[in-house]
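Here's the letter readout for the chains.
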Amino acid sequence: MKTILATLLLASSLLTGVAFAKTDISIGMQQEPTSLDPTADATASIETMMTGNVYEQLTAVQEDGSVAASLAREWTISDDGLTYVFKLRDGVKFHDGSPLSAETVKFSLDRAMAKDSANPSKSIFEPIESVTVVDPVTVEMKLKRKDAFFLFNLASGKASIMSPAAIATNADKPIGSGPYRFASWTRGDRLTLEKNPDHRDATGVQVERVTFRFMSDPAAATAALMAEEIDAFPGFPAPELLPQFQSDPRFSVNVGTTEGEVILAFNNSRKPFTDIRVRQALSYAIDRKAIIDGAMYGLATPIGSFYPPHHRAYVDLTGTYPTDVDKAKALLAEAGVAEGTELSLRVPPFPYATRSAEIIQSQFAKAGIQVKIENVEWGFWLDEIYKKLNYDMTIIAHTSPNDLGNFARDASYFYGYDNAEYHQLWDRIQTETDTAHRDELSREAQKFLAREAVHGFLFQLPALNVVRKELTGFRMSSPVQAQPLSALRWQASN
């Protein structure tokens, strides 16, 4: 009997140890990217999965928005703010075993800011005058002008330091230097990363294997969580289903913030949107509360311009265009837009967008505008809308931080918007190093964009997170898109 009891106790101990020693995680994702190279594709989910995990950057942004060291262990800045000298970590290697050096950094940044660069955030490199190799672990960068966001922007996935040998294959077989390395990608289903045992911080990484499951359908996402096929779903696509997870003791539910301004984008380069009266009219036709209640079940904050409400410099401009159908009709008539005019609304396959589209269709009908909704795949959206500007209207969340500069691009950017006065304002913002003054300029920019009615500003996308209670380390809110995996931990449940 004693022998049997001892055997049972040992078995129980072993089983308990196995339960608490789980080393793999499965994470649900709404959006599958068309590429795994953030320096060539603007898809937000690439940043979420790859930045700081597979690819590394000179700097990293912490959850509180502060800039920390990453591949650069330290740096100095000249008194005039125009020269940065970065000291790199010694002995860093890419996943293919090749060394990372100052030459690699120069190659990566020169490539990103080259005239023929395909980098989707090429503008963040515009302030750089030159990148010079001082020695194998020292890089000097000279700027044309001060850039208040320079160190922050160097943490972007668009500024990833890449192996020259891997550039041609990073789109589907990425090679980085991060704590995780690429394992496999089954398109339409999942992507798997595995721990990099050679990383400098490998001893602090608990989770050895991370699988991202691509699930844009809310019902599929819910079923997978309930069946414990996935352990977490940051950015859960169905706000109406959160109560069932809140009442389930297996899960933690958190509603965090994102940098994602959801806009009804107008193609400002195409008639009738070239006329500000039309943009203003459609802004008056929008009922944000009805959109938030219907598409997000009340779990979103309305916005009247292009800025996150949780930021200290935010100005509430939702009253600039209060819902007023009569005023919308009057402005449309004044602009010569006939009642019954049809406009297309091309919508990517995200629930916040598809649900909002149907509500906007109904709202615009009251103002005499017929909206033809076209649901399109993400690859089509990137090619036809983002790259070719082949659209009237679309709905999209802009999830990058500090992105008021989007409106200072030329008319080839998918907004089709180009305003010399705003260009000058943005130049003042990005060169202003005094925080209080920069915030005041940012408020001025928000008011400018609201007056111009560049887009229909809808709401700030919330971060709806459903996570197994034993799993800790997820960023529930973040000033950037990256989701560091090395911080994840399985904890013993009570």
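So, here is what we can say about the structure in this document. (Residues numbered from 1 in each chain as written. Predicted model: local features only at pLDDT ≥ 70, side-chain atom pairs only at ≥ 80, totals over all residues. Heavy atoms only, no water.)

**Quick notes on the nonpolar core**
Formed by 73 residues in total, the largest nonpolar core has its most connected members in Y352 and F414. The greatest single-element share of this core, amounting to six residues, is contributed by helix α10 (residues 351-366). Excluding residues that lie within four positions of it along the chain, Y352 makes contacts with V262, A295, M296, I395, I396, A397, F459 and L461. Counting residues in each nonpolar core, the second largest holds 27 residues, with I25, I27, V207 and L485 among its members. (Core = buried A, V, L, I, M, F, W, Y, C linked by side-chain atoms within 4.5 Å. Buried < 20%, exposed > 50% of the residue type's maximum accessible area, 1.4 Å probe, protein only. Helix = DSSP H or I, 4+ residues; strand = E, 2+ residues; numbered from the N terminus. Contact = heavy atoms within 4.5 Å.)

**A word on the packing of aromatic side chains**
Throughout the structure, instances matching the rule amount to 24 aromatic pairs. For the ring pair F149 and W426, a centre distance of 5.9 Å and an interplane angle of 5 degrees mean the geometry is stacked. Of the two residues, F149 is situated in the loop between β7 (138-143) and α4 (150-153) and W426 in helix α12 (residues 420-431); the sequence distance between them amounts to 277 residues. The same class applies to F149 and to W426, which are both buried. The residue whose ring lies beneath R187 is W185, and the NZ or CZ to ring-centre distance is 3.8 Å. If you follow R409 out to its NZ or CZ, it ends over the ring of Y413, 4.1 Å from the centre. (Phe/Tyr/Trp six-rings, centres within 6.5 Å; stacked < 30°, edge-to-face > 60°. Lys NZ or Arg CZ within 6 Å of the ring centre and 35° of its normal.)

**A look at the pairing of β7**
Relative to β7, strand β5 (residues 83-88) is paired through five bridges, and the arrangement is antiparallel. Within the sheet, the bridge partner assigned to T83 lies in β7 and is K142. Where strand β6 (residues 128-135) lies against β7, six bridges are found, and the strand directions are antiparallel. Looking across to β7, one finds that I128 is bridged to L143. Connecting β6 to the antiparallel partner β7 that follows it, the hairpin turn spans two residues. (Pairing = 2+ DSSP bridges.)

**Quick notes on the packing of α12 against helix α13 (residues 435-452)**
Close contact between α12 and α13 brings their axes to 9 Å; oriented N to C, the two are set at 160 degrees. Judged by the inter-axis angle, α12 sits roughly antiparallel to α13. Two packed elements cross with a definite hand, and for α12 against α13 that hand is left-handed. Note on element contacts: α13 touches α12 through R438, L441, S442, E444, A445, F448 and L449, opposite E421, Y422, L425, R428 and I429. Split into classes, the residues belonging to the contact of α12 with α13 amount to seven nonpolar, one polar and four charged. (Axes fitted to C-alpha atoms, helices over the stretch in contact; angles between N-to-C directions. Parallel < 35°, antiparallel > 145°, perpendicular 65-115°, else oblique. Left-handed = near helix turned anticlockwise from the far one by under 90°. Nonpolar A, V, L, I, M, F, W, Y, C, P; charged D, E, K, R; others polar.)

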